[in-house]
Amino acid sequence: MTFSYHNPTALQFGEGQIQSITNLIDKDQKVLVVYGGGSIKKNGVYDQVVKALENHTWIEFSGVEVNPTIETMDKAVKVVKEEKIDFVLAVGGGSVIDGCKYLVAASLYDGDGWDFLDGSKEVEKALPLGVILTLPATGSESNNLTVLSRKSTDEKRMYFSDFSYPKFAVLDPSFMSTLNDRQLGNGLVDAFVHTSEQYLTYPIPALVNDGYAETLFRGLVTLANTWEDRRTLVWQENLMHIANQALNFQIGAGVPQDWSTHLVGHELTAFYNLDHARSLAVVQPHLLRIMMDDKKEKIAKMGENVFGIKNDNEAVIVAIETLYNKVGVPTKLSAYEIDDKVISNVTNALEAKGYTALGENANITLDKVTTILTMSMK
Ligand code: NZQ
Ligand code: ZN
């Protein structure tokens, strides 16, 4: 095992923590508050931001869409430059946060910000970013990953940069009370798949990584099994905590990872607008079946330590499907209105990005992706 791990984001967890931003943002910094379609105006979060920033100078930018686009975020870049903004405060879910991670970097870059997404340029500097999380799912609030789309080309891409780490993230579970069942189910599934992508590979004796990943899995199983309690603060704060821990990349430090479910899922979202978590749930179970030979030891370990299933890897995959279905998330592409171009759309887009050999062993080729999607459509 060899790794470097440094996560500089301060987590401010719990009810009332939004007050802490008053001191976490310097009073002499001009702040841009960025949010999405307005959910924060309906649930009182916006009012709490206004209160916390009453002694700061700030303006706002709204309208960041689900699966944020560079087209929208470049409008925010213009605002940052014109208004001489010093600090960006993202208020929302993964979409607003990712949009702002791009914003803080692109605002200090002279070229086309898509350069970060297509990998032709690395981020070299960024404005400071703070986050107020309203939807737990992606872990974006304290990681260095940015996922952004370009509408004009139907592309969804991502990049890693240590300049993307927020300075702080406020995680107040009471902000979740206005999430609907679909959003809660999506969050649970996204966290489960994040943990899986860092665990369901081949075995290495990484006791800390495996042990903690299994704790997160068992937590998510407990939440799914107590789905009827999903409106309670205790249920919601546990989802918020688990989703955060599932993708700060700590459980992935020093161990093999397989992000193929995400890479295929991102294409399904780019072409067919599936919610992020829903795009994963229609890929992962079928991928696990196709890649059983490579992943059999870890699927068996998950079976024993998470689901209490021994010597039956197919039953483990069925248990995962049952879990997703229980929280209202379908595991078949046939549940959605998808045209017959889906396979060529996805495989051509992967090929164009050079993603032709995915997975921890670089053997999930495009013909396997074709088989996986075909199984999902049956
Ligand atoms: O825009 P508003 O009005 O705020 O409404 C949002 C949006 O419609 C709403 N919402 C958020 N908080 C709410 C609320 N509604 C009621 N009450 C609240 N408290 O929820 C809707 C979905 O929000 P979004 O931010 O899109 O969801 P999510 O957090 O799932 O983010 C998805 C995006 O993150 C990317 C995905 O690809 C997708 O673009 N990901 C980012 C990752 C990262 N940076 O680490 C990793 C993930 O794997 C993922 O790829
Ligand atoms: Zn995800």
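Residues numbered from 1 in each chain as written. Chains lettered and ligands numbered in written order. Predicted model: local features only at pLDDT ≥ 70, side-chain atom pairs only at ≥ 80, totals over all residues. Heavy atoms only, no water.

Details of the packing of helix H15 (residues 342-352) against helix H16 (residues 366-377)
The contact between H15 and H16 brings their axes to 10 Å, and the two run at 150°. On the basis of their axis angle, the class for H15 and H16 is roughly antiparallel. Remark: the crossing between H15 and H16 carries right-handed chirality. Side by side, H15 and H16 meet where Val342, Ile343, Val346, Thr347, Leu350 and Glu351 of the first sit next to Leu366, Val369, Thr370, Leu373, Thr374 and Met377 of the second. Considered class by class, the residues forming the contact of H15 with H16 number 8 nonpolar, 3 polar and 1 charged. (Axes fitted to C-alpha atoms, helices over the stretch in contact; angles between N-to-C directions. Helix = DSSP H or I, 4+ residues; strand = E, 2+ residues; numbered from the N terminus. Parallel < 35°, antiparallel > 145°, perpendicular 65-115°, else oblique. Left-handed = near helix turned anticlockwise from the far one by under 90°. Contact = heavy atoms within 4.5 Å. Nonpolar A, V, L, I, M, F, W, Y, C, P; charged D, E, K, R; others polar.)

Description of the site of ligand 1
Lining the immediate environment of ligand 1, one finds 31 residues, of which Gly37, Ser39, Gly94, Ser95 and Thr134 sit closest. Here Lys156 contributes a side-chain N or O atom positioned 2.8 Å from an oxygen atom of ligand 1. In this structure, His262 approaches ligand 1 through a side-chain N or O atom, which is 2.8 Å from an oxygen atom. Expressed as a share of its isolated accessible area of 970 Å², the protein-covered part of ligand 1 is 88%. (Near = heavy atom within 4 Å. Polar contact = N/O pair within 3.5 Å; in protein donor to acceptor, adjacent residues only side chain to side chain. Areas by Shrake-Rupley, 256 points an atom, 1.4 Å probe, with all protein chains shown as cover.)

Some remarks on the domain arrangement of the chain
Per the domain assignment, the segments of the chain are domain 1 (10-174) and domain 2 (180-377). With centres defined by C-alpha atoms, the gap from domain 1 to domain 2 works out at 26 Å. Listed as interface residues are 26 residues of domain 1 and, on the opposing side, 24 residues of domain 2. Roughly 2,100 Å² is buried in total at the junction of domain 1 and domain 2, and carbon and sulfur atoms are behind 65% of that figure. The largest contributions to the domain 1 side of the interface with domain 2 come from Pro136, Lys156 and Pro173, which together make up 26% of the buried area. Where domain 1 meets domain 2, there are 0 salt bridges. Counting residues per element, the side of domain 1 that touches domain 2 draws most heavily on strand S7 (residues 155-160), which supplies 5 residues. Its residues assigned to classes, the side of domain 1 that touches domain 2 comprises 12 nonpolar, 7 polar and 7 charged. (Domains from an automatic or database assignment. Buried area = accessible area lost by both parts, 1.4 Å probe. Salt bridge = Lys/Arg side-chain N within 4 Å of Asp/Glu carboxyl O.)

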